[in-house]
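Given next are the chains, with one letter for each unit.
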Amino acid sequence: MPQLFLLAAVGAVAWLGYKRFLSEAERVNARVRDAEKETRTGAQGTLIEDPETGEYRLRKPDE
């Protein structure tokens, strides 16, 4: 019986690790697509509007 619990725990950790890996891969993929788009258009960054002040600023890498 303890072997079953251990196997279930290992399986759960593996599943959570796989899900986290997929989300990280999607995040990296989105950053690469954005960088390729900026290179293709010749842009030096992406402007976003600050909703509070209405001013535009460069998007930070973690946004």
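Residues numbered from 1 in each chain as written. Predicted model: local features only at pLDDT ≥ 70, side-chain atom pairs only at ≥ 80, totals over all residues. Heavy atoms only, no water.

Draft legend 1. Quick look at the overall build of the chain. A tally of helices and strands in the chain yields one helix and two strands. Ordered by position in the sequence, the α and β elements of the chain form the string α-β-β. Its C-alpha atoms give the chain a radius of gyration of 20 Å, clearly above 11 Å, the size a compact globule of 63 residues would have. For the chain, the spread of C-alpha atoms along the three principal axes comes to 60 × 30 × 10 Å. Approximately 5900 Å² of the chain is accessible, and the part contributed by carbon and sulfur atoms is 61%. Between the averaged position of the 10 positive side-chain charges in the chain and that of its 11 negative side-chain charges there is a distance of 7 Å. (Helix = DSSP H or I, 4+ residues; strand = E, 2+ residues; numbered from the N terminus. Rg over C-alpha atoms; globule rule 2.2 N^0.38 Å. Areas by Shrake-Rupley, 256 points an atom, 1.4 Å probe, with all protein chains shown as cover. Lys, Arg positive; Asp, Glu negative; His and termini not counted. Charge placed at Lys NZ, Arg CZ, Asp CG, Glu CD.)

Draft legend 2. Broad picture of helix α1 (residues 2-41). With 40 residues, α1 should reach 58 Å at 1.5 Å per residue; the first-to-last C-alpha distance of 59 Å fits that figure. Directly after α1, the chain includes Gly42, whose backbone phi takes a positive value near 80°. (Expected span 1.5 Å × (residues − 1).)

Draft legend 3. Expanded view of the layout of surface pockets. Considering only enclosed or pocket space, the largest pocket measures out at about 280 Å³ in volume. The wall of the largest pocket is formed by 14 residues, among which Arg31, Asp34, Arg59, Lys60 and Pro61 lie closest to the centre. For the lining of the largest pocket, the leading source of residues is α1, giving six residues. (1 Å grid on protein atoms, 1.4 Å probe; cavity = no way out; pocket = protein on both sides within 12 Å on 5 of 7 lines; lining within 4 Å. Points joined across faces, edges and corners; volume = space filled by probe spheres on them.)

Draft legend 4. Molecular detail of the confidence of the model for the chain. Here the chain averages 92 in pLDDT, while 100% of its residues score no lower than 70. Averaged over each element, pLDDT in the chain is lowest for strand β1 (residues 47-49) (90) and highest for α1 (95). (pLDDT = per-residue confidence, 0-100.)

Draft legend 5. Summary view of the pattern of salt bridges. Taken as a whole and assessed by the stated rule, the structure comprises three salt bridges. Here Arg27 and Glu24 are joined by a salt bridge, their closest N and O atoms 2.5 Å apart. Of this pair, Arg27 and Glu24 both sit in helix α1, three residues apart, roughly one helical turn. Exposure remark for Arg27: the relative accessible area of 40% places this residue in the partly exposed category. Judged by its relative accessible area of 38%, Glu24 falls in the partly exposed class. Two residues, Arg59 and Asp34, come together in a salt bridge whose shortest N-O distance is 3.3 Å. Highlighted residues: Arg59 in the segment after β2 (56-58) and Asp34 in helix α1, separated in sequence by 25 residues. Accessibility expressed as a relative area gives 31% for Arg59, which makes it partly exposed. Residue classification places Asp34 among the partly exposed residues on the basis of a relative accessible area of 30%. (Salt bridge = Lys/Arg side-chain N within 4 Å of Asp/Glu carboxyl O. Buried < 20%, exposed > 50% of the residue type's maximum accessible area, 1.4 Å probe, protein only.)

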